[in-house]
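# Overview (structure and organization)
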Amino acid sequence: MTTVARPVLVVANWKMHTTPLEASDLAVAIAAATSDDAIGRVICPPFVALAAVAAAVAGTGVEVGAQNVHDRPFGAHTGEISAPMLRGLASWCIVGHSERRRDQAETDDVIGRKLERCLESGLRPILCVGERLAEREAGLAEVTVRDQLKGASSALTGKGELGQAGLVVAYEPVWAIGTGRTARGVDAAVMAEAIRDALDALGWPDAAAIPVLYGGSVTSSTMAEFIAEPSIDGALVGGASLKVDEMAGIVARAALTARARVAQDPVG
Ligand code: PGA
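This text gives an overview of the structure that appears in the document.

### Some points on the overall build of the chain
- Helix and strand content of the chain: nine helices and eight strands.
- Compactness check: the chain gives a C-alpha radius of gyration of 17 Å against a globular reference of 18 Å for 268 residues, within 12% of the reference.
- Taken along its principal axes, the extent of the C-alpha atoms in the chain is 50 × 45 × 40 Å.
- Burial statistics for the chain: of 268 residues in total, 51% are counted as buried.
- Approximately 11,600 Å² of the chain is accessible, and the part contributed by carbon and sulfur atoms is 55%.

Structure (structure tokens):
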């Protein structure tokens, strides 16, 4: 794999927070407070607020993502949302978040089919992977993440589609999500490299160009430690993304690094 400049991204995952009205107001405030074209900014509100947020951020450069999608394109699945339904509402989609692996028992197979659905509908997937604390303590962090990537890639392997997926991976150690405890930047950087190596070995073309974000208790004060690592391309932010000041700080820090990276490697 050769080294290439990758885009820097900050993705807000609002989880099960905000009504459509609240989401609209928050999105307007965040878009205004983070106005910077050096990085990509994505807001993932609850499904019911997608339309309100899409309207609120129109023309600001902020993009909209869903937090989940069903693994089938249509069918008798009461209460579910399919990828074709998201057309026009979202351009990104979080897939395989650890809270869904935990609460909805999502397997790597299901997650792989969700990647496939995203690809078919032109949604850019943000695939979440990460180990539990016991796995890290047993020295199994890399193996766990490799297995998750392998399982999720299987739906696309052999179909010549891997390269078109526009994949972004979020490395989110489960023990760091919503706990206030972050990974160390150096450890997250090792995992980001391992993720690209694994994707390369799985046949993803141009794996060196796939952005890897860090997620897990990122705040405006911890962002610097992660984005300082050349292998980390931004953050997937949960709790702090509901606060305008926090988002302003996180985006400003990421934009600083994005500019420095472009200055170092202007041709990309
Ligand atoms: P957190 O969540 O920032 O609240 O830890 C991150 C995530 O779940 O994506």
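### A word on the packing of helix H6 (residues 141-153) against helix H7 (residues 185-201)
- H7 packs onto H6 with a crossing angle of 40° between their chain directions and a minimal axis gap of 10 Å. By the criterion of interaxial angle, the relationship of H6 to H7 is oblique. Our pair here, H6 against H7, has a crossing hand that is right-handed. Along the contact surface, H6 presents Ala 141, Glu 142, Val 145, Arg 146 and Leu 149, while H7 presents Val 190, Met 191, Ala 194, Ile 195, Asp 197, Ala 198 and Leu 199.
- In terms of residue class, the contact of H6 with H7 is made up of nine nonpolar, no polar and three charged.

### Digging into the packing of aromatic side chains
- Taken as a whole and assessed by the stated rule, the structure comprises two aromatic pairs.
- When the ring of Tyr 171 is compared with that of Tyr 214, the centres are 6.4 Å apart and the planes differ by 55°; the resulting orientation is tilted. Of this pair, Tyr 171 sits in strand S6 (residues 168-171) while Tyr 214 sits in strand S7 (residues 212-215), and the two are 43 residues apart along the sequence. In this structure, Tyr 171 and Tyr 214 share a single accessibility class: buried.
- Here the aromatic rings of Tyr 214 and Phe 226 are separated by 3.9 Å at their centres, their planes lie at 5°, and the arrangement is stacked. You can see Tyr 214 sitting in strand S7 and its partner Phe 226 sitting in helix H8 (residues 223-227), a full 12 residues away along the chain. There is no split in this pair, since Tyr 214 and Phe 226 are both buried.
- Among the aromatic residues, those joined into a cluster by ring pairs are Tyr 171, Tyr 214 and Phe 226.

### Here we look at the pattern of salt bridges
- Evaluated as defined, the whole model comprises 18 salt bridges.
- Salt-bridge contacts for Asp 71 lead to Arg 72; the nearest nitrogen and oxygen are separated by 3.8 Å.
- Here Arg 117 and Glu 120 are joined by a salt bridge, their closest N and O atoms 2.8 Å apart. A residue pair is termed a helical-turn pair when its members lie 3 or 4 positions apart in one helix, as Arg 117 and Glu 120 do in helix H4 (residues 108-121) at three residues.
- Taking the relative accessible area as the measure of exposure, Arg 117 reaches 8% and is therefore buried.
- One network of salt bridges, in which partners are shared, links Arg 6, Glu 193, Arg 196, Asp 233 and Arg 261.

### As for the site of the ligand
- The full set close to the ligand counts 14 residues, and Lys 15, His 97, Glu 172, Gly 178 and Ser 217 are the nearest of them.
- His 97 places a side-chain nitrogen or oxygen 2.6 Å from an oxygen atom of the ligand.
- Gly 238 places a main-chain nitrogen or oxygen 2.9 Å from an oxygen atom of the ligand.
- When the ligand is considered free in solution it has 280 Å² of accessible area, and contact with the protein chains removes 95% of it.
- Class assignment for the residues of the shell around the ligand results in five nonpolar, seven polar and two charged.

Conventions and cut-offs
Residues numbered from 1 in each chain as written. Predicted model: local features only at pLDDT ≥ 70, side-chain atom pairs only at ≥ 80, totals over all residues. Heavy atoms only, no water. Helix = DSSP H or I, 4+ residues; strand = E, 2+ residues; numbered from the N terminus. Rg over C-alpha atoms; globule rule 2.2 N^0.38 Å. Buried < 20%, exposed > 50% of the residue type's maximum accessible area, 1.4 Å probe, protein only. Areas by Shrake-Rupley, 256 points an atom, 1.4 Å probe, with all protein chains shown as cover. Axes fitted to C-alpha atoms, helices over the stretch in contact; angles between N-to-C directions. Parallel < 35°, antiparallel > 145°, perpendicular 65-115°, else oblique. Left-handed = near helix turned anticlockwise from the far one by under 90°. Contact = heavy atoms within 4.5 Å. Nonpolar A, V, L, I, M, F, W, Y, C, P; charged D, E, K, R; others polar. Phe/Tyr/Trp six-rings, centres within 6.5 Å; stacked < 30°, edge-to-face > 60°. Salt bridge = Lys/Arg side-chain N within 4 Å of Asp/Glu carboxyl O. Near = heavy atom within 4 Å. Polar contact = N/O pair within 3.5 Å; in protein donor to acceptor, adjacent residues only side chain to side chain.

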